[in-house]
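Chains, contacts and geometry: an overview
Listed below are the residues making up each chain.
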Amino acid sequence: MPTIAEFELRILLAVMQSGEAAYAVRIQQELQARTKRRAAMGAVYVTLERLVRKGWLASRLGDPSPERGGRAKRFYTVTARGKVALRTEIRAMQQLWHGLDVAEDA
Amino acid sequence: MIGPPLPRWVTCLLRRLLEGEQYDEVAGDLAERRLEAGGAGWRATRVTVLVLASLVRHMAFSADGSRRPIRSLWPPLAEVRLALRRWTARPTLALSAIATLSLGLAATTVMFSILDTVVFRALPWPEPERLQNVYVVRPHWQNDPVLSTSWNRGGISWTSFRDIPRRATTLAGFGVWRSERQTLGGPQAELVHVMLASAGVFPMLGVQPHSGRFFTREEDVEMSDSVFVSYETWVSRFAHAPIFSVCRSRSTSGPSGSSACCPHASDSAPSNARSS
């Protein structure tokens, strides 16, 4: 199983949070809204393509729309392999968290 | 709502960066983002520039080399980035490298300028290789502390000027001149460079008069009031006047006796006028 980088993890989670409408613009907005951090479109595109090549994301073309100049959106969904990678990563994170107390001091 | 098409420079740049479905995806997203930003104007341009800049940055330097077109498009970028990082890490090395490069570039530029002027660039006359300077050589001057600097660069006397064309059959033309400074009169007197030139000088150099005529052979023998004015002087001092008066101090020591103003090397259209 290939290792998963931090930004890849975030993209995978943002794709899942975006649901059926997970295309690049929406994924970036989801990332920025939930993490309160800027995410460059170039980084989003490059990471999406890398995740597709790893087999963790699948993509399909939607219908062309006039506001996009007659071009179709490319929608992304997390594949079964992607979900396994996510679960593995989250389990590893939970193991690392186990027994730690990082609650804010009163 | 139908958005305006992407500007041509944007589609051109995207075509250089991406291809096929990647292009359609990014171009469509960009059109949508521009529409959200008003479709045109500075906000849409700002969105476009931000997206394109992030694309270039992340595609050029992505860790696994994905989106290869940008890598093959700008291969020096990675080297430039590496050089900058090393230079910032070792500023002394950077300064010495910059100093070495600057000195090398300056030395090369100076050498090329000299060679270009002296060797490569031809004189601004037709058939410059046929032009020869003729001097009088006086070997007995070599040991004289005052005259030794000009022992082989002596001027030609009036007698020699008349004899050389007759005796030297290999010369197609022959002319003599002498430079000096004289005062050009008028409302604003001005010290100007003038040349005393014989009739053969300008035809030998291939110069054509803009108007009027050159000196004649008779004027080489008989003193005349003819002057030959450079185009630059004609425009700046005489405002293209067809006929004008020129006050000059007569010089009788020159070999030809005619007073002339030499055309500037860059002048393509010298002028001639008769003085009254």
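Here the structure is shown first, and the text comes after it.
Digging into the nonpolar core
Within the largest apolar cluster, 44 residues are counted, with the highest numbers of intra-cluster contacts made by I11(A), L12(A), V15(A), I27(A), L48(A), L57(A) and L14(B). If you list the elements that add at least two residues to this core, you get α1 (6-18), α2 (24-35), α3 (41-54), β2 (71-78) and α4 (80-97) of chain A together with α1 (8-17), α2 (20-36) and α3 (42-61) of chain B. A per-element tally of this core places α3(B) first, with 7 residues. Apart from residues lying up to four places away in sequence, L12(A) is in contact with I4(A), L51(A), W56(A), L57(A), V78(A) and L86(A). The next biggest cluster of nonpolar side chains, apart from the first, holds 9 residues, and it includes A199(B), F202(B), F215(B) and F228(B).

Examining the environment of S157(B)
With respect to the secondary-structure elements, S157(B) resides in the loop between α6 (91-120) and α7 (158-167). Taking the relative accessible area as the measure of exposure, S157(B) reaches 37% and is therefore partly exposed.

Description of the pattern of salt bridges
Inspection of the entire model under this criterion finds 16 salt bridges over all chains. For R130(B), the salt bridge identified is with E127(B), shortest N-O distance 3.3 Å. The partner of D163(B) in a salt bridge is R166(B), and the shortest N-O contact between them spans 2.9 Å. Taken as a pair, D163(B) and R166(B) lie in helix α7 at a separation of 3 residues, close to a single helical turn. The exposure class of R166(B) is exposed, given its relative accessible area of 59%. Beyond isolated ion pairs, a larger network of salt bridges with shared partners links E8(A), R50(A) and K54(A).

Observations regarding the packing of aromatic side chains
Residue and element names in this part refer to chain B. Following the criterion strictly, the structure yields 9 aromatic pairs over all chains and no others. Look at F202 and F214: their rings are 5.5 Å apart centre to centre, the planes differ by 20 degrees, and that puts the pair in the stacked class. Of the two residues, F202 sits in helix α8 (residues 201-205) while F214 sits in the loop between α8 and α9 (217-221), which places them 12 residues apart along the sequence. Grouping aromatic residues by their ring pairs yields a cluster made of F202, F214, F215 and F228. The ring of Y23 has R15 lying over it, and the distance from NZ or CZ to the ring centre is 3.8 Å. One residue, R138, lies across the ring of W141, its end atom 4.6 Å from the ring centre.

The rules we used
- Residues numbered from 1 in each chain as written.
- Chains lettered and ligands numbered in written order.
- Predicted model: local features only at pLDDT ≥ 70, side-chain atom pairs only at ≥ 80, totals over all residues.
- Heavy atoms only, no water.
- Core = buried A, V, L, I, M, F, W, Y, C linked by side-chain atoms within 4.5 Å.
- Buried < 20%, exposed > 50% of the residue type's maximum accessible area, 1.4 Å probe, protein only.
- Helix = DSSP H or I, 4+ residues; strand = E, 2+ residues; numbered from the N terminus.
- Contact = heavy atoms within 4.5 Å.
- Salt bridge = Lys/Arg side-chain N within 4 Å of Asp/Glu carboxyl O.
- Phe/Tyr/Trp six-rings, centres within 6.5 Å; stacked < 30°, edge-to-face > 60°.
- Lys NZ or Arg CZ within 6 Å of the ring centre and 35° of its normal.

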